[in-house]
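The primary structure of each chain is shown beneath.
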Amino acid sequence: LDPRRRPIPADMRAALWVSGVVALLLVAMMCWSWSLRRQVRSRTEALEQELARRREIERRLRGSEARFRLVIEHAGDGFYVIEPGGRMLEVNAQACRATGYSRDELLGMTVSDLNPHWGPDGIAQLHRELAAAPGMVRTIETEHQRKDGSRFPVEVRVALFETGDRQLVIATTRDITERRAADRALRAERDLLNGILETTVMAVVVIDAHGKITYANRHAEPLLGITRLPDSGGYVLPELDLADLDG
């Protein structure tokens, strides 16, 4: 051994060993911290991208909802969102115009307040029928009562839809006063024409393109031997030479 080299004291060796361990720990901690920062940065970027994607989806949904509300609000038919008990949760402007109630007034009312023919039992039964046939749209002709007490005929289309854990009824209503008036006028014209045809002294027969009799007045039946079928309302024509009818 070189006598000039002095042995390192034990306490110094211990200090050097501790320093080496501490240095290794510091390096390991620096590496772990760098790795952790990378993971945090990566996850932060992923979260920011996800948040940006969700914000874009929410923006589009809000735009779609706004367009949907705009269409519903300006629709020519009344629009109602109704809970199973019959209370109205949402209405559009046409529903207010047709009934004479304000939006706030309608939202405090039930279907029975507008339609005296539909009580709680009828509403519950309708809800059960809709729930038993998902996707079914039912059409009902009934009456609505305005705020002033007057009534008017309506065609109501109802369907069930689910939102979260709730089942709600969507109803659209259309005033059919003019349709009913047109139907009455058409029936009156038809009755008038039938009266004229039945009282004329001539035999009148109407035959379609397929040779089927669609109408024969009371003079045509005995004259041409036409038999009216009471059940179907049709006619039986005997074998005739149609050229004879021209004479």
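Conventions we followed
- Residues numbered from 1 in each chain as written.
- Predicted model: local features only at pLDDT ≥ 70, side-chain atom pairs only at ≥ 80, totals over all residues.
- Heavy atoms only, no water.
- Salt bridge = Lys/Arg side-chain N within 4 Å of Asp/Glu carboxyl O.
- Helix = DSSP H or I, 4+ residues; strand = E, 2+ residues; numbered from the N terminus.
- Buried < 20%, exposed > 50% of the residue type's maximum accessible area, 1.4 Å probe, protein only.
- 1 Å grid on protein atoms, 1.4 Å probe; cavity = no way out; pocket = protein on both sides within 12 Å on 5 of 7 lines; lining within 4 Å.
- Points joined across faces, edges and corners; volume = space filled by probe spheres on them.
- Nonpolar A, V, L, I, M, F, W, Y, C, P; charged D, E, K, R; others polar.
- Pairing = 2+ DSSP bridges.
- Axes fitted to C-alpha atoms, helices over the stretch in contact; angles between N-to-C directions.
- Expected span 1.5 Å × (residues − 1).
- Contact = heavy atoms within 4.5 Å.
- Patch = residues over 30% accessible without salt bridge, like charges linked within 9 Å, V, L, I, M, F, W, Y side chains within 5 Å.
- Areas by Shrake-Rupley, 256 points an atom, 1.4 Å probe, with all protein chains shown as cover.

A.B. asks: Honestly, the pattern of salt bridges in this entry has me stumped. Any pointers?
C.D. replies: Two side chains that carry opposite charge are able to pair once their charged atoms sit near each other. All told, the structure shown has 10 salt bridges when counted by the stated rule. The salt bridge involving D77 is made with R174; its shortest N-O contact spans 2.9 Å. Highlighted residues: D77 in the loop between α1 (10-73) and β1 (78-82) and R174 in strand β5 (residues 166-175), separated in sequence by 97 residues. With a relative accessible area of 41%, R174 lands in the partly exposed category.

A.B. asks: Just to check I follow, could you spell out empty space enclosed by the protein for this structure?
C.D. replies: Left-over empty space is what a probe sized like a water molecule reveals as it rolls over the atoms. Under the definition given, this model contains one cavity of 30 Å³ or more. Of the volumes computed, that of the largest cavity is approximately 290 Å³. Taken together, 20 residues form the lining of the largest cavity, with I82, V111, V156, V158 and A171 sitting closest to its centre. Among the residues making up the lining of the largest cavity, the classes are represented as 14 nonpolar, five polar and one charged.

A.B. asks: Sorry, what's going on with the sheet that holds β5 here?
C.D. replies: Ordered in space as β2-β1-β5-β4-β3, the five strands form an open sheet in which the pairing is antiparallel. Only two strands of the sheet have a single partner each, and these edge strands are β2 (88-91) and β3 (137-145). Between one strand axis and the next, the sheet turns by 30 degrees as a mean value, whatever way the strands run. The pairing of β3 with strand β4 (residues 151-163) spans nine bridges and is classified as antiparallel. Looking at the pairing, R138 lines up with V158 of β4.

A.B. asks: Would you take a moment to explain helix α5 (residues 120-132) for this structure?
C.D. replies: One turn of the α-helix equals 3.6 residues, which is why residues spaced by three or four share an orientation. Compared with the 18 Å implied by 1.5 Å per residue over 13 residues, the 18 Å span of α5 between its first and last C-alpha is a close match. Contacts made by the buried residues of α5 are with α4 (111-114), β3, β4 and β5.

A.B. asks: Mind showing me how you'd approach a nonpolar patch on the surface here?
C.D. replies: Together, W17, V18, V21, V22, L25, L26 and M29 give the surface a local cluster of nonpolar side chains, amounting to about 680 Å² of exposed area. Secondary-structure assignment places W17 in helix α1. On the basis of relative accessible area, W17 is assigned to the exposed category, the value being 60%.

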